[in-house]
Each structure stands twice: as C-alpha cells, then as structure tokens.
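Below, each chain spelled out in residue letters.
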Amino acid sequence: MNNKINYFLNTVRYIHRCHSVLTPKSSATTRKHILWIGIYRNPLEKVTFRKLFLNIFPSVRGSSRFLSQKTEVFSTGAKIQDKSTEDLVGEQAPQSSLELEKLDNSESFKGKHVMDHSDPFFSSLQKCTCPSDVLDLVLESAVSVKHFTNCLTTIWKLFKNLSEDQQRYEKQLIFEHPAFVKLCQQLLRDARRMTRGDLVFSLHAVVNLGIPQNTLLVQTLVRVCQEKLNQFDNRCISVLATTLVGLGKDKNVSALQAGLQLLVEQRIPSIRDIFILQNLMKCMGKDAPVFLKKKLEMAVLKEIDHLTFLNALRVFLALNAMDYCSIPILNACSKKIQENVHDVPFRQLILILETCCNLQYRNVRLFSVLADYVNSTAYLWDKRQIIHFLSACETLCYQPRELMGVFAEKVIEDPEFLNFKNLLIVLRVYSRLNYAPRDKKHLFFETLHSCLNKYLLQISNTELLRAVYSFCILGYLPHQALDELLQKDSRDELLLSDDLYKEQKEMMLHCVKTCAELDSPSFTKPAFVLTENFSSLVSLNLKKARAALIELLGDETMFRQNVQLPYRYHIDFEIRMDTDRKKVLPTAAADNLADSSVQRLAFLFVPLSAFCVGTTHPLGMLAMKKRHLSNLGYHVILIQSKKFQEMTNEDAVKFLKGQIYSENVFPFSEVTVQDNN
C-alpha cells in the first residue's frame, strides 16, 4: 500500500512539472500537446485513465529517458520552440501490446457506415465545404459516438480534394482546432465500443490526415483492429488493407498485417469484388507468400469478365505492388486500357510503363497504343511530360518512332526549354534507342550540341562524360565537349573517385575514345584488319551455328571463330569471300590476297535484349559496334540467337546460306522496320 501511495504522489508531482512546461503555450497548442501525450482524460473514467496513463508515463526514475526521446509529432513541419516541451510531446506510444480495458461489445455490427439523414446533425454535416466547417460544427454540437467517425471521414474527404498548398495550410488549422482534439479524445476513449465499420474508417481517416503512426491514438486503433479482426466483413478488410499500405512497419502493424494475411487466405474464395481484391493485393505486397499471390490471382481471374476500365487500371498497378507477373490478368487489363486510353491520366501512363518494366511484361501492342495516344495529343502535353514518357519507354527498350520524330522537331524549333537534366535524358533516350530523325539528323544533333556547350563550365566531370558518351553512341562527335573531356582524362580527373560506377565510367571513356578515332572524318578504312587472336573454341549456344557452317562450307578452314579485333571488339564468326560474294575463300588463302579483292563477313549472334522491343532494330551499343565493324572493313550480319536456336538443323543451314550469299531466306536477321503486331 505504501508503495502505491508513493507512486501516486510521484505521479502527481510529475503531472505538475508537465503542466508547468505547457503553461506558456497558447490554449490551442496546449490542447494539441495534451492529445498526443494522452494525459487529458475524462475524470470519471478512472480505470481507463489509469491504464492509458501508465502506458504513456514511465516512473519518475525513468523520467530522464522519457524526456530525452524526440519524435516529430506533426507532419506539417510546425516547430515547437520550447525544448523540454518538444521532448515531452515527442514520446512514442509503446510498441508492445497496449493494455486496453476489456469491454463487452454487444452492439451489432454493420458492414458499411451509413449516415442517418433524418438526424439534423448529419444534414448539417453534408453542407460543410471544408474541414474547418466540420470542426466548427463539432464544437457547436453534442457529438455522440455515432457522429464522430462520420465527422473524421468527412474531414478526410474534404481534405483530399484540396490542392497541395491548401492541404498544408488546412492541416495546420485542423490540428490546432479544439474540436479536432475533442474528436480524437472521444475516438481514443470509445475505440473498443465502436462498430467495425466505424473503427476501420476512423483509422483510415486519421492515418490519411497525417496523425503520426507512433502516437497513442493510432497505435490504439491498430491494436483494437487486431483484436476485432475476425469480426470484420470483406468491406472492412478492404478499408483496413488500404490503410495499412500507408503505415510503416512496427510491432503492432506487423502483427495486424500477419493476422490480416491469414484472414485473407480464408476469405478469398468468398470475395467477388475486384475492387476489394486489388486493395488486398496492394496490402499483401511483395512479401506475401507465393501461394497467397496465386490465390489472389485465381480470384481475380474468376471475375475477369466483369472487369471495368478503372478496375483494370487498379489491378494492373496492384500486380506491381505485389511484384507478381500474371500474364492472363495483365493481358486482360491491357486490353481494357487500350480501349479506354483517352481516359488514362498522364501520371497513370507512366505508372503503366513502369509496371511493365518491373514485371518484365512486354506487350508491344499496349506500348504502341500508349505511344500513339501521346503522339496524337502531343500538343496538349508539356514538353517535360513527353520527356518523362520517352524516358519510361527507354527503360522498356521500346522505340516510339513517330513520337520521337515529333519531339525532335520540337527540340529543333525551341531548344530553350531544355535544362541540363532534361538534355541528359534526351541524349540517353535517343542514343540507347538508336534513333535520329531521318531528314533532320544533323540539325538535331547540332541543336543538342549547342545546348550542351552552354553548360560546359557548370557540369561535373561525370555529367560531361555521360553527355559525350551519348553523342558518340549516336555517331556524332561534339568536338568542344569532347576536347574538354579528353583534357580532363589526360589529367586523370575522371577516374579519381573510387565509387561504384568506376568500372562503368571506364567503359564509357573507352567507347568515347574508340568513337573519336573510328567515327572521325579523317579515319580511313584500313588496308587489312589485324586479328589479334582467334580460337576454335565456341560457346554452347554457338555450336549449332558452327555445325551448320561446317555442313554448308565443307570444313573449318573456310571460316574463323571467336575473332578478337582491335578496340576490344569481338565477332563470333568471320568468313572471307570474293568481292561479288559468289565464292567463299579459305582463310589461309585469303590472307595472301589484296584486301581490295576480299569481302569480309562478320556474324554476330546477339540476344533479343540487344534489339528494341518488338523489332530487330538494334539498340545503341549494338548499332555502334556494327558501325565500327563496318568502318574496319566488315559487312556485319546480325542474327538473333534465340530464333536461330529454335530452327531445325536443315533450316539453320538454309538460313546461313541465304545470309552468306545475299539470298533473302529468313528476314529476321536485319530488319529495321518496326513490327508492333
């Protein structure tokens, strides 16, 4: 008993010290502080007050630890001037289980929170036009347990429709309004008495309004949701799942997510609403077990025939959140998106492309429809938006040829809008996708070069290297920037830093130096190409090609394999022929002939990833290699490895014969016309 009395006296002294800290503040600020530290309670609620109090305040012995913890309370960025007050308010709610009063909840549950329109309060609530109106109404009225959830939800609905600047200002007003303190106090007090609909909608509202996750209010609602989880219907589960997406990981949230995952696993067969399913997919996220992802996939596929455009868009993005590539669902969603492409906001266009990239989903028809839509409405978009779209296409290795042509003309007409960041993006996109406007190629490059020259004195060595590298990939030498870059290289300023990108920068610098020599107007085709060494060993994926060449040409003396050339270039097979390409020459005999009487063929077996998606148009690096091999005296033949491996031996021999003797047998080796089918 004496211990209890001593503890009580120490507690009273502690409250008195806290009160003295809060006294200089304004009444609104004081109310705000009281809410988050949880010390203001209804005096009649003795048991609940004591339990909540013990959860927030440590003993006097631990007061120094308590006062030293700092946590930002409001996401509005408002600063608290008094240091001790800041420390006091910054106390986090405990991460362990919250001790809550065990109350009987005999109130019948309802799946959806419905306003009683005969109630004058709800009629007044519907007339509110901003969050402050709702709070003023609360201050003037007697708010019951059936009212305050609707008030919070209405505040959130009105708040989310404001602009970003308005939201910052309005959030400050909301948090400092005495009625908001009143609502949150009632919510904290009556959390266990609330219906399941009120509970999940209240948690959704307070989280989205920006009340910090580590406050007692949010942690209490999370814990009560965890205890009542089995009583939630599908709609409540959907709202809870949406809310959890916006919360970080802590013990209570993790426990609730684990329980929700088990419940979802049981409920999936009974869920027929795609909207609920896509919310659950987002909540389960990347960490969900594969079997649960498959169950969600099957549930969506059962309702796929009832898919609307909005649902298709949400499910498409939900698959990305779950990191699960379901081709049947993606195909069905893609079809709906293509049919309603004019209703897709620009931000969603980017998210669709990013999802395709993350899930490695390559639907050329979808890409084509999106690109055609942006191209046909290019006059509506800001140039920076088009740059953003082109950058998203570049990550997919998809070349929107017409849009890139239209944008190149815009750059030529008005290059002033290009800042250095956007210039780097444009150079990267056009170089990697290997595109230049056919009729205005030189003018386009000159325009970009002029833009780069304006920033030469301002940019870093790495940025300069990236810009020059992109120009060189396109086969254009920006002389002023190139001279500046090579001067820095001669002084060893480019590779001084020992960072993660050192190897990449070395590769880029090598390419620049190679282009500076091979693409220079002064470079002439050599009299012969010196092969440094070659080997009879070939990789497993080239054995089929080697066997086909032996069958076609007779023996191994008629070709060379694994040929290493200067400038670090390598070719898979080299064949030498007469200038008319009628006869294949033995390699030993061809070495003794004049170079002018020999035609060299270079066979490159390349993966599908070396071409633009849906085409056999080579990407930038492959295009540069082909250009340089041509400068060295080779006729280059590009062959897609995968398609060649799929051929029968007979077809493989027939195909190689057509390539060697210029017979158009199989057209997939070098086609630069875009195929979107």
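In this text the structure is predicted, and so the values were computed from the model without any measurement.

Engineer: Please clarify how the overall build of the chain should be interpreted in this entry.
Structural biologist: Counting its secondary structure elements, the chain contains 32 helices and 6 strands. Expressed as a percentage of its 677 residues, the buried residues of the chain come to 51%. Put simply, of all contacts in the chain between residues at least 6 apart along the chain, 73% involve residues at least 24 apart. Carbon and sulfur atoms make up 51% of the accessible area of the chain, which totals about 32800 Å².

Engineer: Where do I start with the packing of aromatic side chains in this structure?
Structural biologist: Ring pairs (aromatic) are described by centroid distance and by the angle formed between their planes. Applying the stated rule across the entire model yields 17 aromatic pairs. Ring plane angle 70° and centroid distance 6.3 Å describe the contact between Phe316 and Tyr361, whose orientation is recorded as edge-to-face. With Phe316 in helix H17 (residues 309-322) and Tyr361 in the loop between helix H19 (346-358) and helix H20 (364-376), this pair connects stretches of sequence that are 45 residues apart. By relative accessible area, which is 0% here, Phe316 ends up buried. Aromatic pair Phe420 and Tyr455: ring centres 5.6 Å apart, planes at 55°, arrangement tilted. Of this pair, Phe420 sits in helix H23 (residues 420-432) while Tyr455 sits in the loop between helix H24 (441-453) and helix H25 (461-473), and the two are 35 residues apart along the sequence.

Engineer: Even after reading the chapter, I still don't get the environment of Lys642, so can you show me in this structure?
Structural biologist: Looking at the secondary structure, you find Lys642 in helix H31 (residues 641-646). Separated by 34 residues in sequence, Lys642 and Leu608 place their C-alpha atoms 7.1 Å apart.

Engineer: Honestly, the pattern of salt bridges in this entry has me stumped. Any pointers?
Structural biologist: A side chain of one charge can pair with a side chain of the opposite charge if their charged atoms are brought near each other. Applying the stated criterion to the full structure yields 18 salt bridges. The shortest N-O distance in the salt bridge between Arg196 and Asp233 comes to 3.7 Å. Of this pair, Arg196 sits in helix H11 (residues 196-208) while Asp233 sits in the loop between helix H12 (216-227) and helix H13 (234-245), placing them 37 residues apart in sequence. Residues joined by salt bridges that share partners form a network here, namely Glu164, Asp165 and Arg168.

Engineer: So what exactly am I meant to see when it comes to the packing of helix H22 (residues 401-413) against H23 here?
Structural biologist: To describe two helices that pack against each other, one gives the angle between their axes and the distance between the axes. H23 packs onto H22 with a crossing angle of 140° between their chain directions and a minimal axis gap of 12 Å. Here H22 lies oblique to H23, going by the angle between them. Along this stretch, H22 crosses H23, giving a crossing that reads as left-handed. Of H23, the residues touching H22 (which contributes Met404, Phe407 and Ala408) are Val426, Val429 and Tyr430. Split by residue class, the contact of H22 with H23 holds 6 nonpolar, no polar and no charged.

Engineer: What's the story with helix H10 (residues 178-189) in this structure? I'm lost.
Structural biologist: Because each turn of an α-helix spans 3.6 residues, side chains separated by three or four positions end up pointing in the same direction. In a regular helix each residue adds 1.5 Å, so 12 residues correspond to 16 Å; H10 covers 17 Å between its end C-alpha atoms and thus fits that length. With 9 of 12 residues buried, H10 is to be regarded as a mostly interior element. Inspection of H10 places Ala179, Phe180, Val181, Leu183, Cys184, Gln185, Gln186, Leu187 and Leu188 among the buried residues, and these make up the whole buried set.

Engineer: Just checking my understanding: could you explain the nonpolar core for this structure?
Structural biologist: The nonpolar side chains of a soluble globular protein tend to be buried with one another. Counting 178 residues, the largest nonpolar core has Val206, Leu240, Leu260, Phe389 and Tyr430 as the members making the most contacts within it. When residues no more than four places from it in sequence are discounted, the contact partners of Phe389 are Phe346, Ile350, Leu353, Leu370, Ala371, Val374 and Leu403. Ranked by size, the runner-up nonpolar core spans 23 residues in total, among them Leu601, Ala652, Phe655 and Ile660.

Engineer: Got a minute to help me understand the side chain of Asn422 in this structure?
Structural biologist: Structurally, Asn422 can be placed in helix H23. In contact with Asn422, other than residues within four places in its own chain, are Arg384, Ile387 and Phe417.

Engineer: Quick question: what am I supposed to make of the environment of Glu394 here?
Structural biologist: Relative to the elements of secondary structure, Glu394 occurs in helix H21 (residues 383-395). Of the residues examined, Glu394 reaches a relative accessible area of 6% and is grouped as buried. Sequence separation of Glu394 and Ser431 is 37 residues, and the distance between their C-alpha atoms is 9.8 Å. Once residues within four sequence positions are removed from consideration, Glu394 is found in contact with Arg428, Val429, Arg432 and Leu433.

Engineer: Where do I start with the environment of Ala481 in this structure?
Structural biologist: Looking at the element boundaries, Ala481 is found in helix H26 (residues 479-490). Non-local contacts of Ala481, meaning those with residues more than four positions away in its chain, are made with Leu452, Asn453, Leu456, Leu464 and Val468.

Engineer: Looking at this structure, I do not really get the pairing of strand E5 (residues 599-606). What am I missing?
Structural biologist: Each regular strand carries side chains that alternate between the two faces of the sheet. The buried count for E5 comes to 7 of 8 residues, which makes it a mostly enclosed element. Bridge analysis of E5 against strand E6 (residues 634-640) gives 7 bridges, and the strand direction is parallel. From the neighbouring strand, Phe603 faces E6, where its bridge partner is Ile637. Each parallel crossover has a hand, and for E5 linked through helix H30 (residues 620-631) to E6 it is right-handed.

Cut-offs and rules
Residues numbered from 1 in each chain as written. Predicted model: local features only at pLDDT ≥ 70, side-chain atom pairs only at ≥ 80, totals over all residues. Heavy atoms only, no water. Helix = DSSP H or I, 4+ residues; strand = E, 2+ residues; numbered from the N terminus. Buried < 20%, exposed > 50% of the residue type's maximum accessible area, 1.4 Å probe, protein only. Contact = heavy atoms within 4.5 Å. Areas by Shrake-Rupley, 256 points an atom, 1.4 Å probe, with all protein chains shown as cover. Phe/Tyr/Trp six-rings, centres within 6.5 Å; stacked < 30°, edge-to-face > 60°. Salt bridge = Lys/Arg side-chain N within 4 Å of Asp/Glu carboxyl O. Axes fitted to C-alpha atoms, helices over the stretch in contact; angles between N-to-C directions. Parallel < 35°, antiparallel > 145°, perpendicular 65-115°, else oblique. Left-handed = near helix turned anticlockwise from the far one by under 90°. Nonpolar A, V, L, I, M, F, W, Y, C, P; charged D, E, K, R; others polar. Expected span 1.5 Å × (residues − 1). Core = buried A, V, L, I, M, F, W, Y, C linked by side-chain atoms within 4.5 Å. Pairing = 2+ DSSP bridges. Right-handed = clockwise from strand over helix to strand, strands pointing away.

The analysis is restricted to geometry; functional conclusions fall outside its scope.
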